[in-house]
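Notes for the structure review
Next come the chains, spelled out residue by residue.
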Amino acid sequence: MIVLGIESSCDETGIALYDTEKGLLSHALYSQIALHAEYGGVVPELASRDHIRRIVPLLRNAFEKAALKPADIDAIAHTQGPGLAGALLVGSSVAAGLGFALGKPLISVHHLEGHLLSPLLAKQPPTFPFVALLVSGGHTQLMKVSGVGQYELLGETLDDTAGEAFDKSAKLLGLPYPGGPEISKLAEQGNPDVFQLPRPMLHSKDLNFSFSGLKTAVLTTVNKQVQPMDGNIRADIARGFVDAIVEVLTAKCAKALRQTRLRQLVVAGGVGANKQLRAALDKMTSKRRCRVFYPEIEFCTDNGAMIAFAGAMRLKANPDCANPAYGFTVRPRWPMEGLTAA
Ligand code: KG4
Ligand code: ZN
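So, here is what we can say about the structure in this document. Model, not experiment: these values are computed from the prediction.

So, how was this worked out
Sequence order as written defines residue numbering, which begins from 1 separately in each chain. Here the convention is simple: chains get letters from A, ligands get numbers from 1, in the order in which they are written. Predicted model: local features are reported for residues with pLDDT of at least 70 only, side-chain atom pairs are reported and counted for 80 or more only, and whole-chain, interface and lining totals are derived from all residues. With hydrogens and water set aside, each side-chain value is computed from the structure's full complement of heavy atoms. For this description, a residue counts as near a given molecule or strand if any of its non-hydrogen atoms is within 4 Å of it. Residues adjacent in sequence count toward polar contacts only when both atoms are side-chain atoms; beyond that, a polar contact is any pair of N or O atoms within 3.5 Å, and within protein one must be able to donate a hydrogen and the other to accept it. Computed with the Shrake-Rupley method and a 1.4 Å probe, the accessible areas treat only the protein chains shown as cover for residues. Only DSSP runs of H or I covering at least 4 residues are called helices, and only runs of E covering at least 2 are called strands; the numbering of each starts at the N terminus. In this classification, Asp, Glu, Lys and Arg are treated as charged, Ala, Val, Leu, Ile, Met, Phe, Trp, Tyr, Cys and Pro as nonpolar, and every other residue, Gly included, as polar. Classification of ring pairs rests on two measures: the distance between centres of Phe, Tyr or Trp rings, Trp counted by its six-membered ring, which must be within 6.5 Å, and the angle between planes, read as stacked under 30 degrees, edge-to-face over 60 and tilted in between. For the exposure calls, accessible area comes from a 1.4 Å probe over protein chains only, and a residue counts as buried if that area is under 20% of its type's maximum, exposed if over 50%, partly exposed in between. Ligating atoms shown are N, O and S within 2.8 Å of the metal, or 3.2 Å for Na, K and Ca, and water is not included, meaning a site may look less than complete. Any site counts as irregular unless it has four donors with all angles between 85 and 135 degrees, making it tetrahedral, or four or six donors with opposite ones more than 155 degrees apart and the rest between 65 and 115, making it square planar or octahedral.

Not every one of the 18 residues close to ligand 1 is listed here, only the nearest: G137, G138, D167, G270 and N274. Taking G163, its main chain carries an N or O atom lying 3.3 Å from an oxygen atom of ligand 1. With respect to ligand 1, the backbone of D302 contributes an N or O atom lying 3.2 Å from an oxygen atom. Protein contacts shield 87% of the accessible area of ligand 1, which totals 550 Å² for the unbound molecule. Only α4 (111-117), α5 (162-172) and α6 (179-187) provide two or more residues apiece to the shell around ligand 1. Among the residues forming the shell around ligand 1, the class breakdown is 5 nonpolar, 11 polar and 2 charged.

Another point: the packing of aromatic side chains. Within the structure shown, the criterion is met by 5 aromatic pairs. Seen from their ring centres, Y18 and F309 are 5.1 Å apart, and the 85° between their planes marks the pair as edge-to-face. Of this pair, Y18 sits in strand β2 (residues 12-19) while F309 sits in helix α10 (residues 305-317); the two residues are 291 residues apart in sequence, bridging distant segments of the chain. Exposure class is identical for Y18 and F309. Each is buried. Ring centres of F166 and F241 lie 5.2 Å apart, and the angle between their planes is 90°; this geometry places the pair in the edge-to-face category.

Here we come to the coordination of the zinc ion (ligand 2). Protein-derived coordination of the zinc ion (ligand 2) comes from H111 (NE2), H115 (NE2) and D302 (OD), at a distance range of 2.0 to 2.1 Å. Coordination geometry of the zinc ion (ligand 2): the 4 donor atoms subtend angles of 93 to 142° at the metal centre, consistent with an arrangement described as irregular. For the zinc ion (ligand 2), all donor residues lie on one chain, and their spacing in sequence is H-x3-H-x186-D. Residue H111 is located in helix α4, and its partner D302 is located in the loop between β10 (291-293) and α10; the two are separated by 191 residues in the primary sequence.

Taken by themselves, the reported measurements are silent on function.
The following block contains the structure:
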């Protein structure tokens, strides 16, 4: 079975073709980062308009790369939510239009399920069950994943997400959007002993997170410096921030592995591309004789491959999951709890 995947929930337009026999056939991606950078964050209206501009050329490109015609596919998976309503509507309406024209059914995919299952696209994938750390701009959650559609929430952020903490702290240091990769790079040159920032909820008994205090600590630290700050001080603050957030994320993953008695940890979402986080999780898991799995860097941030893959897994688990009618809706707020394989 060949599934076309369409992702347009935020600021990346992603298209992919996934074959349940042969694996990923092709994928095409356009990131709007440059478009939104001058505003310091995603502007929803601009995002929707740009998805409209990019989506058909990307579809053509994905089909060309796979040497397939639209009629060769079996189903179309689209991100139904959560995300920006206008942006979701672009991908979902293209999916419904194409499905109607080709007579192919639609599969509505939860964006976070796409991220959660994306490490299974790797050559050496994890096996169910595993603990998943989902760290993106929109979410920070620890889940127990027992199978497709079998997700148990273990803990989540009570305020800012890890991605927001990275982006907002980077902005306070004068770094461009999206700040995650930038602050991570700057931190590499920083001295770890200059600024000790708080590790919120590090010792709490639960598996929840809280990052808004850490961002405020970055703000307070920045405000105490002589302005304009020199490059070394900015790097030292970046280092203090990255060390704090990485320590909290790593400690909660260790606790989740201990609590569930599972030995596999999967990391998904944009922040999962972070080098310092990967190094700390590698160390923690090898010490505990556990294994950690990351999606390929290109599949950490939003992409069409994870949506095509999640759609294909859903179709495999339940051949009746595809919607043969072409009415569609988007779900900008869509909790993951209650999601089943059906
Ligand atoms: O998963 P994603 O592409 O989009 C959402 O679904 O939110 O995640 C985007 C987030 C942004 O906050 C971005 O700054 C962060 O992932 N990010 C990083 C890195 N690459 C992306 N954060 C830290 N280090 C990185 N290397
Ligand atoms: Zn995402």
